[in-house]
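These are the residues of each chain, in order.
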Amino acid sequence: MDHWTEIRTAYGVARSGTVSKAAQELGVHRATVNRHIDALESEIGTRLFLRHRRGYELTDAGREFMEIAERSYDMLEDFFGRMRVQSADVEGEVIVATLFPMTDLILPAILEFRRRHPKTRVRVTTGDELARLEWAEAHVSLRVGSKAANADYIVQPFCTLDFALFAHRTYIDRHGRPQGQDLTGHALVGNPDAHSAAPFEVWLARNVDPERLVLVSANPKVLEDALRSGEGIGFMPVSYARTLPDLEQIVPALPDWQVESWLVTHVDVHRTDKVQSMLNCLKALVFAT
């Protein structure tokens, strides 16, 4: 902890990419930022940054440092947030943006948030388009796939979603159950996309004959309705599919089909009491399961 100030400064430079922006965010002079970086690199005995005209670029050691600093920063933010909201009188509206299949998963956390803060109102929005946090379209966005790279976004891991192939009982009654992963002769519903961030959509594009795909859509609600009507076999999050009647798992969840999910907030609202409290409820839900 002797060099905590220097570490905090270096983390600010790594996030912003420039000394001037880091100095502005930290409320110090540019010379102070440079001095902190020099002192930290001297103590470690290696360069964390490469200096060039456009700003500071992380070295290999710097990237390793950034990973450690980011984890430490997130843990401290979580601790400070939990301590602060314990006594805060939280009120007002909180907007949570998510994808349709995730709503059932996060509903217990939203209800717990409302129990803790009865003066609040929670608005849940769903849609295919990502909420633009910089336009205040949401306070908390639950996203899946690749990690958001926006410098103004604070991104924290949420949970890993297991996906598997399911079919409705009416489909199985009419067409039988596939043998293992052999889907020959069976109809599927889904969204085959070789460039998708969802690995199971890539798998569909590479492994399933297009003629076997009887319904194609990028809308998860359309695919769910088709699956539940017995139109064909399709992918569903395992945790969500188990809450739906008469759906049977056809092929076990494979590691290659897993999807990472993330809690995303904007830096301008991340530290507010209501956002911290909502994040705490969501994280507690994951730990409980």
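Residues numbered from 1 in each chain as written. Predicted model: local features only at pLDDT ≥ 70, side-chain atom pairs only at ≥ 80, totals over all residues. Heavy atoms only, no water.

Novice: Honestly, the overall build of the chain in this entry has me stumped. Any pointers?
Specialist: Helix and strand content of the chain: 10 helices and 12 strands. Expressed along its principal axes, the backbone C-alpha trace of the chain runs to roughly 75 × 45 × 30 Å. A total of 289 residues make up the chain; the buried ones form 44% of that total. In the chain, the proportion of contacts linking residues at least 24 apart, taken out of those at least 6 apart, comes to 72%. When the accessible surface of the chain is summed, it comes to about 15800 Å², and 51% of that surface belongs to carbon and sulfur atoms. (Helix = DSSP H or I, 4+ residues; strand = E, 2+ residues; numbered from the N terminus. Buried < 20%, exposed > 50% of the residue type's maximum accessible area, 1.4 Å probe, protein only. Contact = heavy atoms within 4.5 Å. Areas by Shrake-Rupley, 256 points an atom, 1.4 Å probe, with all protein chains shown as cover.)

Novice: Honestly, the packing of helix α2 (residues 19-26) against helix α3 (residues 30-44) in this entry has me stumped. Any pointers?
Specialist: Each pair of packed helices can be described by the angle between their axes along with the distance between the axes. Between α2 and α3, whose axes approach to 8 Å, the crossing angle comes to 105°. Compared by their axis directions, α2 and α3 come out roughly perpendicular. Residues Val 19, Ser 20 and Ala 23 of α2 form the contact with α3, whose participating residues are Arg 30, Val 33 and Asn 34. Looking at the contact of α2 with α3, its residues break down into three nonpolar, two polar and one charged. (Axes fitted to C-alpha atoms, helices over the stretch in contact; angles between N-to-C directions. Parallel < 35°, antiparallel > 145°, perpendicular 65-115°, else oblique. Nonpolar A, V, L, I, M, F, W, Y, C, P; charged D, E, K, R; others polar.)

Novice: I would appreciate a short explanation of the environment of Asn 219 in the present structure.
Specialist: By the secondary structure assignment, Asn 219 is in the loop between β9 (213-216) and α8 (220-228). As for Asn 219 and Ala 194, which are separated by 25 residues in sequence, their C-alpha atoms are 17 Å apart. Engagement of the side chain of Asn 219 in a polar contact is seen with the backbone nitrogen of Lys 221, the distance being 2.8 Å. (Polar contact = N/O pair within 3.5 Å; in protein donor to acceptor, adjacent residues only side chain to side chain.)

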